[in-house]
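Understanding the architecture of this molecule
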Amino acid sequence: MGLALAEADRAALTGDVPVGAVVLSPDGAVLAVGHNEREATGDPTAHAEVLALRRAAARTGEWRLTGCTLVVTLEPCVMCAGALVQSRVERVVFGAYDEKAGAAGSLWDLVRDRRLNHRPEVIAGVRGEECSAQLTAFFRER
């Protein structure tokens with residue numbers, strides 16, 4: 001989560017909401033990192049999770065990230081939750097809950113919907129206060 005928090009700091013430097021993500025291989029090695037780049041790129045899909053998943057897939061040469069873990073500072077939204085299911089990650093670890101748009105247990109629970117063919121394990125609240133404080137400080141400044 002420390003690496004994801006550092007990535008979130010990078011997003012804030014460019015005016016993006018400070019969210020950072022890391023994809024870990026099945027053996028725990030870092031495959032890819034990402035941070036929000038919507039403001040920097042003008043791309044509405046440039047969320048930290050999506051960018052990290054794209055980079056991990058490019059690095060492995062596989063769209064299936066079987067056995068991998070995604071660590072992210074904020075609970076994934078619906079778009080990112082869908083990407084997590086589609087990429088077949090084994091586990092999602094997130095810090096701060098997102099009561100307004102969270103899709104991994106807060107507002108929705110897309111990643112564990114029994115109707116889907118893949119349901120990653122979810123570990124929530126890891127360093128949650130720290131992740132939440134980072135977001136609160138960013139929005140307070142705005």
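Predicted model only: the values in this text are computed from it and were never measured.

Turning our eyes to something else, we now look at the overall build of the chain. The secondary structure content of the chain amounts to five helices and five strands. Each helix and strand of the chain, placed in order from N terminus to C terminus, yields the pattern α-β-β-α-α-β-α-β-β-α. Scaling as 2.2 N^0.38, a compact globule of 142 residues should have a C-alpha radius of gyration of about 14 Å, and the chain matches this with 14 Å. Viewed in the frame of its principal axes, the chain has a C-alpha envelope of about 40 × 30 × 25 Å. Put simply, the chain has 142 residues, and 49% of those count as buried. Taking contacts inside the chain between residues at least 6 apart in sequence as the whole, the part at least 24 apart equals 56%. Approximately 7100 Å² of the chain is accessible, and the part contributed by carbon and sulfur atoms is 52%. Distance between charge centroids for the chain: 4 Å, based on 16 positive and 19 negative side chains.

Right, let's talk about the side chain of E37 for a bit. Relative to the assigned elements, E37 resides in the loop between strand 2 (30-35) and helix 2 (38-41). A polar atom in the side chain of E37 sits 3.1 Å from the side chain of R55. In contact with E37, not counting residues within four places along its chain, are D16, G42, A46, L51 and R55.

This part covers the packing of aromatic side chains. Per the stated rule, a full pass over the model turns up two aromatic pairs. Both rings, one in F94 and one in Y97, keep their centres 5.2 Å apart while their planes meet at 90°; by these two values the pair is edge-to-face. Between F138 and F139, the aromatic rings sit 5.1 Å apart at their centres with planes inclined by 80°, giving edge-to-face as the arrangement. Note on F139: relative accessible area 46%, which makes it partly exposed.

A separate point is the pairing of strand 1 (residues 20-24). Of all the five residues making up strand 1, four are buried; the element is thus mostly covered by neighbouring parts of the structure. Where strand 1 meets strand 2, five bridges bridge the pair, whose relative direction is antiparallel. Bridging from a neighbouring strand, V23 pairs with A32 of strand 2. Where strand 1 folds back onto strand 2 in an antiparallel hairpin, the turn is made up of five residues, including G28, whose phi is positive at roughly 95°. By the bridge criterion, four bridges tie strand 1 to strand 3 (residues 69-74) in an arrangement that is antiparallel.

Within the largest apolar cluster, 35 residues are counted, with the highest numbers of intra-cluster contacts made by M1, V19, V23, L53 and L70. Every element with two or more residues in this core is listed here: helix 1 (2-13), strand 1, strand 2, helix 3 (48-60), strand 3, helix 4 (78-87), strand 4 (91-96) and helix 5 (128-141). Those residues within four positions of V19 in sequence are excluded, and the remaining contacts are A8, A11, G34, H35, N36, A48, V72, T73, L74 and L135.

About the criteria used
Residues numbered from 1 in each chain as written. Predicted model: local features only at pLDDT ≥ 70, side-chain atom pairs only at ≥ 80, totals over all residues. Heavy atoms only, no water. Helix = DSSP H or I, 4+ residues; strand = E, 2+ residues; numbered from the N terminus. Rg over C-alpha atoms; globule rule 2.2 N^0.38 Å. Buried < 20%, exposed > 50% of the residue type's maximum accessible area, 1.4 Å probe, protein only. Contact = heavy atoms within 4.5 Å. Areas by Shrake-Rupley, 256 points an atom, 1.4 Å probe, with all protein chains shown as cover. Lys, Arg positive; Asp, Glu negative; His and termini not counted. Charge placed at Lys NZ, Arg CZ, Asp CG, Glu CD. Polar contact = N/O pair within 3.5 Å; in protein donor to acceptor, adjacent residues only side chain to side chain. Phe/Tyr/Trp six-rings, centres within 6.5 Å; stacked < 30°, edge-to-face > 60°. Pairing = 2+ DSSP bridges. Core = buried A, V, L, I, M, F, W, Y, C linked by side-chain atoms within 4.5 Å.

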